[in-house]
Every structure is written in structure tokens, then in C-alpha cells.
Amino acid sequence: QSCNDTPAARTAICAPPEPKRFITGREHDWSYLGNKGTTFYWRTNNNAPRQRIVATDVTRPNLEMREIVPQDAAVLESASLVGDQIVGNYLVDVK
């Protein structure tokens, strides 16, 4: 049965799409902050030991990371997606 958007397909039982794997392996920490449509925001230590925020567009085939907030001299302890803004909480002079 076809699952395209036709009157006949609307009544057909269609298999769900295969899930898309965002994060693989356990080499880095990843914290989901939220999403705006198909853009997902993450806090990670991938190539940033003091944490950074990246975004991925889940409609793209390779899930390329786009840096939104680069690593800073201070440690990014937490972050939240609030409306159209990202709010970060930093630790300064951590020993």
C-alpha cells in the first residue's frame, strides 16, 4: 500500500518511518535543550571540554552540527531554550 498523500493512502495503514539516530557512542556528553521545528539544540562537550551549544537540523541527511554558543573561558554548567532565546549558566574560576 502507498503512504503518499492521496485519498486512497489516507485510509491505508502505513508503517512508521525508521527512527533517526541523533547521538551515537558515549565519548561525549549531550544534553537536549529543546527544538524549534526541525532544529534541535544541544549542550555538549564534543570538541569543547568546557561545554558549548550546537544545533542540528533533523531534516538534513548528515545531521551536521552548527555552533550556536562557542566554548568560553568559563564552564557552561547548564542551558535552557526559553522562547526564542538560549539562557546559559556559567561557572567562573572553577578549580
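Notes on the structure in this doc start here. (Residues numbered from 1 in each chain as written. Predicted model: local features only at pLDDT ≥ 70, side-chain atom pairs only at ≥ 80, totals over all residues. Heavy atoms only, no water.)

Considerations on the overall build of the chain
Then, number 1: Counting secondary structure elements, the chain contains one helix and six strands.
Then, number 2: Going from N to C terminus, the chain has its helices and strands arranged as α-β-β-β-β-β-β.
Then, number 3: For the chain, the residues scored as buried account for 23% of the 95 residues in total.
Then, number 4: Put simply, 23% of the contacts in the chain that link residues at least 6 apart link residues at least 24 apart.
Then, number 5: As displayed, the chain offers around 7100 Å² of accessible surface, 49% of which is attributable to carbon and sulfur atoms. (Helix = DSSP H or I, 4+ residues; strand = E, 2+ residues; numbered from the N terminus. Buried < 20%, exposed > 50% of the residue type's maximum accessible area, 1.4 Å probe, protein only. Contact = heavy atoms within 4.5 Å. Areas by Shrake-Rupley, 256 points an atom, 1.4 Å probe, with all protein chains shown as cover.)

Some thoughts on the nonpolar core
Then, number 1: With six residues, the main nonpolar core is built from Leu33, Tyr41, Ile53, Ala55, Leu76 and Ala79.
Then, number 2: Only β3 (52–57) and β5 (75–82) provide two or more residues apiece to this core.
Then, number 3: Once you skip the residues sitting within four places of it in the chain, Ile53 turns out to touch Leu33, Trp42, Arg66, Glu67, Ile68, Val69, Leu76, Ala79 and Ile86.
Then, number 4: Ranked by size, the runner-up nonpolar core spans five residues in total, among them Phe40, Val54, Val58 and Leu63. (Core = buried A, V, L, I, M, F, W, Y, C linked by side-chain atoms within 4.5 Å.)

Structural notes on the side chain of Thr39
Then, number 1: Residue position: Thr39 is located in strand β2 (residues 39–44).
Then, number 2: Thr39 sits in the buried class, given a relative accessible area of 15%.
Then, number 3: Each residue touching Thr39, except ones within four places of it in the same chain, is listed here: Gly34, Ala55, Thr56, Asp57 and Arg66.

A few points about the pairing of β3
Then, number 1: In terms of burial, β3 is largely enclosed, as five of its six residues are buried.
Then, number 2: Sheet topology places β2 next to β3; six bridges connect them, and they run antiparallel. Opposite Arg43, over in β3, you have Ile53 as the bridge partner.
Then, number 3: Inspection of the sheet shows β3 paired to strand β4 (residues 65–69) by four bridges, in the antiparallel sense. (Pairing = 2+ DSSP bridges.)

Let's talk about unusual backbone geometry
Then, number 1: A positive phi is found at Asn47, a non-glycine position, where the angle reads about 60°.
Then, number 2: Along the polypeptide, Asn47 turns up in the loop between β2 and β3.
Then, number 3: Despite not being glycine, Gln51 has its phi angle at roughly 80°, a positive value.
Then, number 4: With respect to the helices and strands, the residue Gln51 is situated in the loop between β2 and β3.

Describing the pattern of salt bridges
Then, number 1: According to the stated counting rule, one finds three salt bridges in the structure shown.
Then, number 2: Here Lys36 ties to Asp84 by a salt bridge, and the two come within 3.1 Å at their closest N and O atoms. Taken together, the residues Lys36 in strand β1 (residues 30–36) and Asp84 in the loop between β5 and β6 (85–91) connect sequence positions 48 residues apart.
Then, number 3: One salt bridge in this structure joins Glu67 and Arg52, with 3.0 Å as the shortest N-O distance. Of the two residues, Glu67 sits in strand β4 while Arg52 sits in strand β3, which places them 15 residues apart along the sequence.
Then, number 4: Judged by relative accessible area, which is 10%, Arg52 ranks as buried. (Salt bridge = Lys/Arg side-chain N within 4 Å of Asp/Glu carboxyl O.)

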